[in-house]
Amino acid sequence: MGVGSGPVYAAAVCAALAWLTLGREGDQRRARLLLAGGAVDSGDGEGGVSAWWERLSALVRRRGRREWLCVPVAVLVAVLAESLLPLIAGAVAVPLVGRRLRAGARRRECERRAGEVIALCGAVAGELRAGRQPGQALFAATGTGGLGAAEAEVMAAARFGGDVPEALRRASREPGADGLVGVAACWRVAVDGGAGLAAGLDRLEGALRAERHQRADLRAQLAGAWATVALLALLPVAGLLIGSALGAQPLRVLLHTPAGFGCLLAGGLLEGAGLWWAGRIVRRGEES
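Comments concerning the overall build of the protein chain
Item 1. Within the protein chain one finds 12 helices and zero strands.
Item 2. Within the protein chain, the fraction of its 288 residues that count as buried is 28%.
Item 3. Restricting to contacts in the protein chain with at least 6 residues of sequence separation, those with at least 24 account for 58%.

Here you go:
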């Protein structure tokens, strides 16, 4: 591909960055007019570059679409290498990175919800020891957030004499709320058999907390393995940077010569297979 294609790639860079930064510029401008009495920051002048970068970072964080940062990176590499292949790779990377980021967000949400269930057990047990009835104790402990979206259903069952254990079991189907199954069992035993609900919830809280600590210890032990996987993923990038620093022009060789393209294809397949295998080993260790 010739040198004359440089302006085309430069235009693509501008278009991608404008698409990322301007998204809802009209709404932002109207909001600034309302809040600042008509004064609108144009982003030009002193501190323009830093203000632009802060605006881009805030926009990406607010929209939660960090995977789209692959687009300007791919466009930049395409400009440097004068090839369309980085653009194709960037387009393929967007959904893959997005799926990985969403999986991480779901995992963090599950962990947060599990912590809320543990707090709910402790709060209900404390209210019961203070002399409240089970329904009143559950109402007083709702601030922990352990019931999630099913809070209204559980509260209605507790207030109007419904089946609270069944409502708790339905609430436990949400990600991270598995501990509510134990709360439902304790509630059923306490109501039907007259057993101490506070003591049962205390034991359940201790078991859930111990399981959570065990998972945290396991993740800490596997942190080194995940660091090794990340290092393996970054080694090819480091090699490209070293080759570029030495003036070997590795991107031009890989993307503009048949032998280089073959090496790129074979290396990419081997790299992907190695990362998948290493990640699979570490994930199986986490699951165990």
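Moving on from the model shown.
Regarding the packing of helix H10 (residues 197–245) against helix H12 (residues 258–287)
Item 1. Closest axis-to-axis distance for the H10/H12 pair is 10 Å, and the angle between their directions is 175°. Here H10 lies roughly antiparallel to H12, going by the angle between them. Counted together, Leu 218, Leu 222, Ala 225, Trp 226, Val 229, Leu 232, Ala 233 and Pro 236 of H10 and Glu 271, Leu 275, Ala 278, Gly 279, Val 282, Arg 283, Gly 285 and Glu 286 of H12 form the full contact between these two elements.
Item 2. Across the contact of H10 with H12, the residue classes break down as 11 nonpolar, two polar and three charged.

A word on a nonpolar patch on the surface
Item 1. On the surface, a cluster of nonpolar side chains totalling about 730 Å² of accessible area is made up of Leu 85, Ile 88, Val 92, Leu 96, Phe 261, Leu 264, Leu 265 and Leu 269.
Item 2. Sorting the residues of the nonpolar patch by element identifies helix H5 (85–129) and H12 as the ones contributing at least two each.
Item 3. Relative to the assigned elements, Leu 265 resides in helix H12.

Focus: helix H4 (residues 70–81)
Residues three or four positions apart in an α-helix share a direction because the helix packs 3.6 residues into each turn.
Item 1. Under the 1.5 Å per step criterion, the end-to-end length of H4 is 16 Å for 12 residues, consistent within 8% with the ideal 16 Å.
Item 2. Where H4 ends, the next residue or the one after it, Glu 82, has phi of about 55°, a positive value.

Looking at a positive patch on the surface
Item 1. Together, Arg 66, Arg 100, Arg 107, Arg 108, Arg 280, Arg 283 and Arg 284 make up a region of like positive charge exposed at the surface.
Item 2. Elements with a minimum of two residues in the positive patch: H5 and H12.
Item 3. Take Arg 283: it is sitting in helix H12.
Item 4. The exposure class of Arg 283 is partly exposed, given its relative accessible area of 35%.

Some remarks on the pattern of salt bridges
Item 1. Considering all chains together, one arrives at 13 salt bridges under this definition.
Item 2. With a shortest N-O distance of 1.7 Å, Arg 129 and Asp 202 are connected by a salt bridge. Placement of the pair is Arg 129 in helix H5 and Asp 202 in helix H10, with a sequence separation of 73 residues.
Item 3. Classification of Arg 129 by relative accessible area gives exposed; the value is 55%.
Item 4. With a relative accessible area of 26%, Asp 202 lands in the partly exposed category.
Item 5. One network of salt bridges, with partners in common, ties together Glu 153, Glu 166, Arg 169 and Arg 170.

A closer look at the nonpolar core
The nonpolar side chains of a soluble globular protein tend to be buried with one another.
Item 1. Core analysis: the largest hydrophobic core is formed by 32 residues, its most contacted members being Val 124, Leu 138, Val 154, Val 164, Leu 168, Leu 180 and Leu 201.
Item 2. With seven residues, the single largest contributor to this core is H5.
Item 3. Among all residues touching Val 154, those that are not within four sequence positions of it are Leu 138, Leu 147, Val 164, Ala 167 and Leu 168.

Observations regarding the packing of aromatic side chains
Item 1. One pass over the full model with this rule turns up one aromatic pair.
Item 2. Judged by centre distance (6.0 Å) and plane angle (45°), the rings of Trp 276 and Trp 277 are tilted.

Examining the environment of Ala 233
Item 1. Its location among the elements puts Ala 233 in helix H10.
Item 2. Contacts of Ala 233, omitting those with residues within four sequence positions, involve Glu 271 and Leu 275.

Points about the packing of H4 against H5
Item 1. Where H4 meets H5, the axes come as close as 8 Å, and the angle between the chain directions of the two elements is 165°. Between H4 and H5, the interaxial angle falls into the category roughly antiparallel. Between H4 and H5 lies a crossing whose hand is right-handed. Contacts from Cys 70, Val 71, Ala 74, Val 75, Val 77 and Ala 78 of H4 reach H5 at Pro 86, Leu 87, Gly 90, Ala 93, Val 94 and Val 97.
Item 2. Residue composition of the contact of H4 with H5, by class: 11 nonpolar, one polar and no charged.

Some thoughts on the side chain of Glu 205
Item 1. Relative to the elements of secondary structure, Glu 205 occurs in helix H10.
Item 2. Contacts of Glu 205, omitting those with residues within four sequence positions, involve Ile 118, Cys 121 and Gly 122.

Observations concerning helix H7 (residues 151–159)
Item 1. Residues of H7 that are buried: Val 154, Met 155, Ala 157 and Ala 158. Projected down its long axis, H7 carries its buried residues within an arc of 160°, all on one side. More than 90 degrees from the buried face of H7, the exposed residues found are Ala 152 and Arg 159.
Item 2. Turning to H7, the residues buried within the fold contact helix H6 (134–140) and helix H8 (164–171).

Conventions we followed
- Residues numbered from 1 in each chain as written.
- Predicted model: local features only at pLDDT ≥ 70, side-chain atom pairs only at ≥ 80, totals over all residues.
- Heavy atoms only, no water.
- Helix = DSSP H or I, 4+ residues; strand = E, 2+ residues; numbered from the N terminus.
- Buried < 20%, exposed > 50% of the residue type's maximum accessible area, 1.4 Å probe, protein only.
- Contact = heavy atoms within 4.5 Å.
- Axes fitted to C-alpha atoms, helices over the stretch in contact; angles between N-to-C directions.
- Parallel < 35°, antiparallel > 145°, perpendicular 65-115°, else oblique.
- Nonpolar A, V, L, I, M, F, W, Y, C, P; charged D, E, K, R; others polar.
- Patch = residues over 30% accessible without salt bridge, like charges linked within 9 Å, V, L, I, M, F, W, Y side chains within 5 Å.
- Areas by Shrake-Rupley, 256 points an atom, 1.4 Å probe, with all protein chains shown as cover.
- Salt bridge = Lys/Arg side-chain N within 4 Å of Asp/Glu carboxyl O.
- Expected span 1.5 Å × (residues − 1).
- Lys, Arg positive; Asp, Glu negative; His and termini not counted.
- Charge placed at Lys NZ, Arg CZ, Asp CG, Glu CD.
- Core = buried A, V, L, I, M, F, W, Y, C linked by side-chain atoms within 4.5 Å.
- Phe/Tyr/Trp six-rings, centres within 6.5 Å; stacked < 30°, edge-to-face > 60°.
- Left-handed = near helix turned anticlockwise from the far one by under 90°.
- Arc of directions from axis to C-beta.

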